Amino acid sequence: MAGLKDILHKKILEQRPRVKRLLQEHGDVLFDQVTIGQVIGGARGIKCLVTDISHLDPEEGVRFRGRTIPETFAALPKAPGSCYPYVEGFWYYLLTGEVPTERQALDVVADFQRRQQIPEYVFDALRAMPRDLHPMAMLSAAVVAMQGESVFARRYNEGMNKMDYWEPMYEDACDLLARLPGIAAFIYRLKYRDDSPISADPDLDMGGNFAHMMGIEAPYDDVARMYFILHSDHESGNVSAHTTRLVASALADAYYSFSAGVNGLSGPLHGLANQEVLRWIQGVMKKLGGKLPSEAELTDFLWDTLNSGQVIPGYGHAVLRKTDPRFSAQMTFCEKHLADDPMFQLVQMIYRVAPKILMEHGKARNPWPNVDAQSGVIQWHFGVTEYDFYTVLFAVGRAIGVLANITWDRALGYPLERPKSVTLDMLEEATKGR
Ligand code: AMX
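These numbers were taken from a predicted model, which means no experiment stands behind them.

1. Examining the overall build of the protein chain
In step 1: Helix and strand counts for the protein chain stand at 20 helices and two strands.
In step 2: Taken against the 2.2 N^0.38 rule, which gives 22 Å for 434 residues, the C-alpha radius of gyration of the protein chain at 22 Å falls within 12% of a compact globule.
In step 3: Overall size of the protein chain, expressed as C-alpha extent along the three principal axes, is 70 × 65 × 45 Å.
In step 4: Within the span of the protein chain, comprising 434 residues, buried residues form 44% of the whole.

2. Quick word on the site of the ligand
In step 1: Near the ligand there are 20 residues, and of these Ala273, Gly316, Ala318, Ala364 and Arg365 occur at the shortest range.
In step 2: Classifying every residue of the shell around the ligand by side-chain character gives 10 nonpolar, seven polar and three charged.

3. Looking at helix α19 (residues 390–411)
In step 1: Spanning 22 residues, α19 covers 32 Å between terminal C-alpha atoms, matching the ideal 32 Å at 1.5 Å per step.
In step 2: Along its length, α19 reaches its greatest deviation from straightness, about 30°, at Arg398.
In step 3: The buried fraction of α19 is high, at 22 of 22 residues.
In step 4: Gly413, located one to two residues past α19, shows a positive phi value of around 70°.

4. Concerning the packing of helix α4 (residues 87–96) against α19
In step 1: The geometry of α4 relative to α19 is characterised by a closest axis approach of 10 Å and an angle of 35° between their N-to-C directions. In terms of crossing hand, the pair formed by α4 and α19 is right-handed. Contact residues: α4 offers Val87, Phe90, Trp91, Leu94 and Leu95, while α19 offers Ile400, Gly401, Ala404 and Thr407.
In step 2: In terms of residue class, the contact of α4 with α19 is made up of seven nonpolar, two polar and no charged.

5. Overview of the pairing of strand β1 (residues 54–57)
In step 1: Here β1 pairs with strand β2 (residues 61–64) via four bridges, running antiparallel. If you follow His55 over to β2, its bridge partner there is Arg63.

6. Observations concerning the environment of Leu106
In step 1: Its location among the elements puts Leu106 in helix α5 (residues 102–115).
In step 2: For Leu106, a count of 16 C-beta atoms within 10 Å corresponds to the partly exposed category.
In step 3: Taking the C-alpha atoms as reference points, Leu106 and Asp205, 99 residues apart in sequence, are found 8.5 Å from one another.

7. A short note on the nonpolar core
Within soluble globular proteins, side chains that are nonpolar generally end up buried alongside one another.
In step 1: Core analysis: the largest hydrophobic core is formed by 115 residues, its most contacted members being Leu139, Leu177, Ala184, Ala399, Ile400 and Leu403.
In step 2: For this core, the leading source of residues is helix α9 (residues 166–192), giving 15 residues.
In step 3: When residues no more than four places from it in sequence are discounted, the contact partners of Ala399 are Leu176, Leu177, Leu180 and Phe258.

8. Regarding the packing of helix α1 (residues 4–26) against α4
In step 1: Remark: α1 packs on α4, axes separated minimally by 9 Å, with the N-to-C direction vectors making an angle of 20°. The orientation of α1 relative to α4 falls into the category roughly parallel. You can see that α1 and α4 cross each other, and the crossing is right-handed. Together, Leu4, Ile7, Leu8 and Lys11 of α1 and Tyr92, Leu95 and Thr96 of α4 make up the contact between the two elements.
In step 2: A per-class count over the contact of α1 with α4 returns five nonpolar, one polar and one charged.

9. Remarks on unusual backbone geometry
In step 1: In this structure, the amide linkage connecting Ala218 to the following residue, Pro219, adopts the cis form with an omega of 5°.
In step 2: Within the secondary structure, Pro219 is located in the loop between α10 (206–214) and α11 (220–230).
In step 3: If you check the backbone angles, Asp194 has positive phi at about 55° while not being a glycine.
In step 4: With respect to the helices and strands, the residue Asp194 is situated in the loop between α9 and α10.

10. Considerations on the environment of Ala218
In step 1: Here Ala218 shows up in the loop between α10 and α11.
In step 2: Look at Ala218 and you get exposed, because 12 C-beta atoms sit within 10 Å.
In step 3: Spatially, the C-alpha atom of Ala218 lies 8.4 Å from that of Gly208, the residues being 10 residues apart in sequence.

11. Some thoughts on the confidence of the model for the protein chain
The predicted coordinates of low-pLDDT regions are not to be read in fine detail.
In step 1: Looking at the protein chain, the pLDDT average stands at 96 and 100% of residues meet or exceed 70.
In step 2: Interface scoring of the predicted complex returns ipTM 0.97; its pTM is 0.95.

12. Describing helix α7 (residues 135–145)
In step 1: The set of residues buried in α7 consists of Pro135, Met136, Met138, Leu139, Ser140, Ala142 and Val143.
In step 2: Packing partners of the buried residues in α7 comprise α6 (120–128), α9, α13 (254–265) and α19.

13. Comments concerning the environment of Leu13
In step 1: Secondary-structure assignment places Leu13 in helix α1.
In step 2: Counting along the chain gives 91 residues from Leu13 to Gln104, while the straight-line C-alpha distance between them is 21 Å.

Procedures and definitions
Residues numbered from 1 in each chain as written. Predicted model: local features only at pLDDT ≥ 70, side-chain atom pairs only at ≥ 80, totals over all residues. Helix = DSSP H or I, 4+ residues; strand = E, 2+ residues; numbered from the N terminus. Rg over C-alpha atoms; globule rule 2.2 N^0.38 Å. Buried ≥ 20, exposed ≤ 12 C-beta atoms within 10 Å, placed from the backbone. Near = placed C-beta within 6 Å. Nonpolar A, V, L, I, M, F, W, Y, C, P; charged D, E, K, R; others polar. Expected span 1.5 Å × (residues − 1). Bend = angle between axes of the 7 residues up to and from the residue. Axes fitted to C-alpha atoms, helices over the stretch in contact; angles between N-to-C directions. Left-handed = near helix turned anticlockwise from the far one by under 90°. Contact = placed C-beta atoms within 7 Å. Pairing = 2+ DSSP bridges. Core = buried A, V, L, I, M, F, W, Y, C linked by C-beta atoms within 7 Å. Parallel < 35°, antiparallel > 145°, perpendicular 65-115°, else oblique. pLDDT = per-residue confidence, 0-100.

In structure tokens form, the structure reads like this:
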């Protein structure tokens, strides 16, 4: 039976003529127009990137390879006794667009088990860093420290045909992805559990192994599977995805590229928001006497947050205009496993109250919750109480999407990214006579 790499190769050969035809026959077709507001406004909404891995509809949320989150969860083979798919099967799906059989998913599980050995120097390097360094800085450094392992960099230096770029990129992507959960768990136990790492269990899948290496019982394995899949991809314009692809477009390897993406994810308006959400939720509870507040008390607190010039963390989105289905998927998990948790009850209350207030406030274009509005609460419930670590979990998940993207970027020969800049004078010139 053909393995993942063979099927990916077949798909690549099928897709290449589409790109060629679009460029050769329709390269000058006008596809979008750009306003000054978009040029100054962070390129919001300008359609100038292409990816088939996922698409974000403002009203509906993300589709992975054409499937919504519930459809994706339903379609993929599940780990034994779990309602959540193997992360490895999801990797297969994102790369190929085909739902793997259980056998095909298990082949990837076995492949990742062979690749998951982390070089000892990564642990040495992490141990040499200040213990109070942010874990995202540690993760980024650990990833780039492995750059010498890159098959792509070696093959590129040896001289390689452009058409073959995807293949060593795929090898690097698989190696890196297989090792990331172990690196993340190592950082966690180094920083917060007195440097007491737990070795990988060679028989477990990625989600199961991550829970094992963190030292946390079931259903944390399901939290890991759900969390990694939900955070994997959100089309390619967000900061972490775009940074990874931008760096890779210069033919940097997966280690350099993903390390850069991790740095982008560390910003408080992006991945760091989930740690901000939890800090803020706990601030609400503390300020309101350590108990669940009334809706009236919560309303006052939300207004205080807004009136002091701060954002309500976990709410709003640059593209989405509805409740994020990644929020809804986590809510389904919480209703089953965390129903009595006071922090989850507060998350539910915020969901009832905050959108109305944000609408009245009138600034945020999207008053609905995003993925971060409750992910920290789930981690806290399972004993991961160190907020700083939450974005590392996001990064492990994000790796799945961005590494699939850069593998395909090389397969389809997408070029070096180089948008054009203008000066304020030029923008003003364009407004003359208007
Ligand atoms: N609370 C208060 N004000 C908000 C807000 C919120 N949750 N979301 C947006 N606004 C404000 C903005 O600050 C901006 O104000 P300004 O005009 O004074 O600068 C105005 O509303 C318009 O912003 P927007 O067009 O709706 O959003 P954006 O595309 O500029 O930014 C985002 C999107 C997510 C950064 C923003 O909604 C935000 O800061 N949310 C809170 C932080 C957060 O949850 N981030 C996580 C995002 C998901 C992720 O990447 N992990």
